[in-house]
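Results of the structural survey
For reference, the chains in residue letters:
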Amino acid sequence: MGPSNEEGPPEPSCPAMYQLDIVLKRGKNLAIRDRTGTSDPYVKFKIAGKEVFRSKTIHKNLNPVWDERICLLVETLRDPLYVKVFDYDFGFQDDFMGSAYLHLESLEHQRTLDVTLDLKDPQYPEHNLGSLELAVNLSPKEGDIRDATMLLRRNWKRSSKCQSMRLSDVHRKSQLWRGIVSISLIEGRSLQPMDANGLSDPYVKFRMGHQKYKSKTIPKTLNPQWREQFDFHLYEEQGGFVDITVWDKDAGKKDDYIGRCTVDLSLLSREHTHKLELPLEDGKGVLVLLVTLTASAAVSISDLSVNMLDDPHERHHIMQRYSLWRSFHNLKDVGVVQVKVIRAEGLMAADVTGKSDPFCVVELSNDRLQTHTVYKNLNPEWNKVFTFNVKDIHSVLEVTVYDEDRDRSADFLGKVAIPLLNIQNGERKAYALKSKELTGPTKGVIFLEIDVIFNAVKAGLNTLTPPEQKYIEEEQRVSKQLLLHNFNRVRRCIMFLINTGCYINSCFEWDSPQRSICAFVMFVIVVWNFELYMVPLALLLLLAWNYILIASGKDTRQEMQVVEDLLEDEDEEFDKDDKDTKPGPWEESRDKNHVLEDMLASWHFEWIKAMVDSEKKGFMNKLYAIQDVCISVQNALDEVASYGERIKNTFNWTVPFLSWLAIVALGSATVIIYFIPLRLIVLAWGVNKFTKKLRDPYTIDNNELLDFLSRVPSDVQVVQYRELKLDPNPSPNKRKKNNPG
């Protein structure tokens, strides 16, 4: 037979590429790696030895919820997906928490499978390190091999860029939130006793994605009353989960875990307040919450060519929205602020190439948005417009410039803090960048143009409500310089009282006959004609007198230079610490013990118990207890000094809006006390106090006077918010044209 031109049956074609869709859901019962009894886990995916994904870090959680979606293109199914979990340790090598393999050849095609991976340590395979829950879908991707190869390359590039996109949990790329979750923590009932006295010192931690909130500690009770309110941003239309854990505060050792519960926001209707009684899963007791989901606030990111306040019609509409005629409509909507981030010049070179990869983070309270990154440039231009909703006119706008690094957290380049009440609308202005502590200059300037539109009546009424607490705050540390600085601030307040007492006593001693005669005549007239309304009237006159002095050029605010000098000394001390200078014996012992703990945490805990004797543990617990006491003393001194300085700054007209508000309040009090009998005023106050809980059982308790004082800046904050003078002789780098390189 001759050769035939007929071909045999076609062989099944092998796909050139596979698409692997993974949902990293959550972890369960992960290993403890920190001394606090928790871990800060994140997950890495590797294929053929190359890292293709790294998740975000979930802080202080052994049952983290990620809910992250990954799409990968793989060329062959022979290489398994290698999954590794690590505990993030700032400044130290991350601790290994376990690993597992997902064999792709065993997966069924085009079907979503729920997979549970048991984590193991290859050196100790018998140890249980918890598990990860994934949802996996593998589907063949047909097409030309060359197209598939290009897709593969793009996929590797995208996955490698994922590292630089994540930066850190605090300064990662922010999304625009779609709504607000308002949570009121009311009370706990029948909590589990954790202390020897049959009681607990409970506090609650809330976490929703990267947002977190910690309540105050209620000592010695099983039925705590917190009465705290806070807001989270809602990023997903379908809702999300709020993870809640309850802890017992223990001084000198790690806090005891009481229980946990979860709120599924997708089950709650919007624009309605829900009362939730949540039983704790791992312990006994109930938490009572009020949860409200509302529509998104006015927040946006746009280019310079598209912004609402430049449109006359839109600006007029916003001015009408915050006019005095609408002062009592939606009291929480105080105003709107628009920030134009134009450019920066002469930034610090953070990379070895002599360049930086700068991006800018704009923060207002807990609202945080971010520009894109301009690569290899010391004079970046962003030309972005950010719009925020203003809930508190006393908030401070913080603009921070960072250098993006691919495999680690971003490097700090500079920062400015601008109180909203200090903004001059529509003025394009250059701000000199400051250090992290906002006390000294750093290299570079940033050009901003800011507009604030707000309703003064709403702003004044919100001044008498509790201020919003920031979710993300730096961990407090013991600082000898800060402790001494706070002590000196308290001493200055006490010395003011002593000097005032000495001045009054000198009138009794007739050191100056003329002064004593005037004081005696004034004393007789005031006492003979004294009425209660004269108390607020005297404070009103003191405010008016200081205003006249300041208006005439006789500024009494001269003590700020002393605070500024102290803060500069503290900033220099902070810089010395950053440069790895030799620490003192106290810091050295803490650092050595901290490093020792981090090393031991990576080993098995039974081995630790065998190697570390009880005396060393007792010494370390005492050391941490002393550290907690020092931090408490440091904070107490700061609080006492701050209240003294805030009272002084109210009368010194440091913030004119607040001083005018004080004048209105004192004037009203004077008129009310003058015309209305005191017993009626006391009767109305008592009736209001006694019936407050009957009228609203879940009302949040507050003290209006303390809330007012919390808005007045202390001397430290006045120095931090003060603008630095620009360098009149800019460096040559600032004159050069941008060169992206």
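Residues numbered from 1 in each chain as written. Predicted model: local features only at pLDDT ≥ 70, side-chain atom pairs only at ≥ 80, totals over all residues. Heavy atoms only, no water.

In this fold, Glu-704 is placed in helix H13 (residues 704-711). In sequence terms Glu-704 and Pro-466 are 238 residues apart; their C-alpha atoms lie 8.0 Å from each other. (Helix = DSSP H or I, 4+ residues; strand = E, 2+ residues; numbered from the N terminus.)

So, on to a nonpolar patch on the surface. On the surface, a cluster of nonpolar side chains totalling about 810 Å² of accessible area is made up of Trp-510, Ile-517, Phe-520, Val-521, Phe-523, Val-524, Ile-525 and Val-527. Here Val-524 shows up in helix H5 (residues 513-528). Classification of Val-524 by relative accessible area gives partly exposed; the value is 40%. (Patch = residues over 30% accessible without salt bridge, like charges linked within 9 Å, V, L, I, M, F, W, Y side chains within 5 Å. Areas by Shrake-Rupley, 256 points an atom, 1.4 Å probe, with all protein chains shown as cover. Salt bridge = Lys/Arg side-chain N within 4 Å of Asp/Glu carboxyl O. Buried < 20%, exposed > 50% of the residue type's maximum accessible area, 1.4 Å probe, protein only.)

For the structure shown, the criterion picks out 0 disulfides. Free of any disulfide, Cys-518 has its nearest cysteine sulfur in Cys-507, 9.3 Å distant. Residue Cys-518 is classed as partly exposed on the basis of its relative accessible area of 48%. (Disulfide = S-S within 2.5 Å.)

Here the focus is the pairing of strand E6 (residues 95-102). The element E6 is extensively covered by neighbouring structure, given that 6 of its 8 residues are classed as buried. Where strand E5 (residues 81-87) meets E6, 7 bridges bridge the pair, whose relative direction is antiparallel. By the bridge assignment, Lys-84 is partnered in E6 with Ser-99. (Pairing = 2+ DSSP bridges.)

Here the focus is the sheet that holds strand E8 (residues 131-141). Strand order in the open sheet made by the 4 strands is E4-E1-E8-E7, with antiparallel pairing throughout. At either margin of the open sheet sits one strand with a lone partner, and together these are strand E4 (65-74) and strand E7 (113-118). Each neighbouring strand pair of the sheet contributes to a mean axis angle of 25 degrees, computed without reference to strand direction. Judged from the 11 bridges that link them, strand E1 (residues 17-28) and E8 form a sheet pairing that is antiparallel. Within E8, the position partnered with Ile-22 by the bridge is Val-136. (Axes fitted to C-alpha atoms, helices over the stretch in contact; angles between N-to-C directions.)

A few words now on the nonpolar core. Core analysis: the largest hydrophobic core is formed by 33 residues, its most contacted members being Leu-20, Ile-22, Val-43, Phe-45 and Leu-81. Those elements that provide at least two residues to this core are E1, strand E2 (41-47), strand E3 (50-54), E4, E5, E6, E7 and E8. Membership of the second largest hydrophobic core comes to 31 residues, among which are Val-416, Ile-446, Ile-450 and Ala-459. (Core = buried A, V, L, I, M, F, W, Y, C linked by side-chain atoms within 4.5 Å.)

As a further point, take the pattern of salt bridges. Summed over all chains, the structure comprises 21 salt bridges. Taking the shortest distance from any N to any O, the salt bridge between Asp-333 and Arg-321 comes out at 2.8 Å. Within this pair, whereas Asp-333 is found in the loop between helix H2 (312-321) and strand E18 (335-345), its partner Arg-321 is found in helix H2, the two being separated by 12 residues in sequence. The exposure class assigned to Asp-333 is buried, which follows from its relative accessible area of 9%. A salt bridge links Lys-415 to Glu-398; the nearest nitrogen and oxygen atoms lie 3.5 Å apart. In this pair, Lys-415 is assigned in strand E23 (residues 411-419) and Glu-398 in strand E22 (residues 396-403), connecting sequence segments 17 residues apart. Residue Lys-415 is classed as buried on the basis of its relative accessible area, which comes to 15%. Beyond isolated ion pairs, a larger network of salt bridges with shared partners links Arg-489, Arg-492, Asp-638, Glu-645, Lys-648 and Asp-715.

A separate point is the packing of helix H6 (residues 534-551) against helix H11 (residues 656-675). What describes two packed helices is the angle between their axes and the distance between those same axes. The interhelical angle for the contact between H6 and H11, taken along N-to-C directions, is 150 degrees, at an axis separation of 8 Å. Here H6 is positioned roughly antiparallel relative to H11, judged by the angle of their axes. H6 and H11 meet at a crossing whose hand is left-handed. The residues of H11 that touch H6, namely those facing Pro-536, Leu-537, Leu-539, Leu-540, Leu-543 and Tyr-547, are Ser-659, Trp-660, Ala-662, Ile-663, Leu-666, Gly-667, Ala-669, Thr-670 and Ile-673. Taken together, the residues of the contact of H6 with H11 sort by class into 12 nonpolar, 3 polar and no charged. (Parallel < 35°, antiparallel > 145°, perpendicular 65-115°, else oblique. Left-handed = near helix turned anticlockwise from the far one by under 90°. Contact = heavy atoms within 4.5 Å. Nonpolar A, V, L, I, M, F, W, Y, C, P; charged D, E, K, R; others polar.)

The subject of this paragraph is the side chain of Thr-463. Mapping Thr-463 onto the fold places it in the loop between helix H3 (456-462) and helix H4 (480-509). What makes Thr-463 buried here is its relative accessible area of 0%. A distance of 2.7 Å separates the side chain of Thr-463 from the backbone oxygen of Ala-459, its partner in a polar contact. Among all residues touching Thr-463, those that are not within four sequence positions of it are His-394, Phe-657, Leu-658, Leu-661, Asp-707, Phe-708 and Arg-711. (Polar contact = N/O pair within 3.5 Å; in protein donor to acceptor, adjacent residues only side chain to side chain.)

The next thing to look at is the UniProt feature "transmembrane region" (unreviewed entry) in the protein. Taking the numbering used here, the UniProt-annotated feature "transmembrane region" (unreviewed entry) corresponds to residues 520-550 and 657-685. Secondary structure content for residues 520-550 is 84% helix and 0% strand, while the C-alpha to C-alpha distance between its ends is 29 Å. Regarding residues 657-685, the helix share stands at 93% and the strand share at 0%, and the terminal C-alpha atoms are separated by 27 Å. (UniProt positions renumbered as here; feature names shortened; annotations may be inferred.)

On to the sheet that holds strand E10 (residues 202-208), then. Reading across from one edge, E11-E10-E13-E14 is the order of the 4 strands in this open sheet, with antiparallel pairing throughout. The open sheet is flanked by strand E11 (211-214) and strand E14 (256-264), the only strands paired with a single partner. Across this sheet, the average inter-strand angle for adjacent strands is 15 degrees, counted without regard to direction. Both strand E13 (residues 241-248) and E14 contribute to a ladder of 8 bridges, which runs antiparallel. Its bridge partner lying in E14, Ile-244 is registered against Cys-261.

Turning next to empty space enclosed by the protein. This model, assessed by the stated rule, comprises 4 cavities of 30 Å³ or more. Reported here for the second largest cavity is a volume of approximately 80 Å³. Contributing to the lining of the second largest cavity are Val-416, Ala-417, Ile-418, Ala-430, Tyr-431, Ala-432, Lys-434, Tyr-721, Arg-722, Glu-723 and Leu-724. Looking at the lining of the second largest cavity, the elements with two or more residues in it are E23 and strand E24 (427-434). Taken together, the residues that form the lining of the second largest cavity break down as 8 nonpolar, no polar and 3 charged. (1 Å grid on protein atoms, 1.4 Å probe; cavity = no way out; pocket = protein on both sides within 12 Å on 5 of 7 lines; lining within 4 Å. Points joined across faces, edges and corners; volume = space filled by probe spheres on them.)

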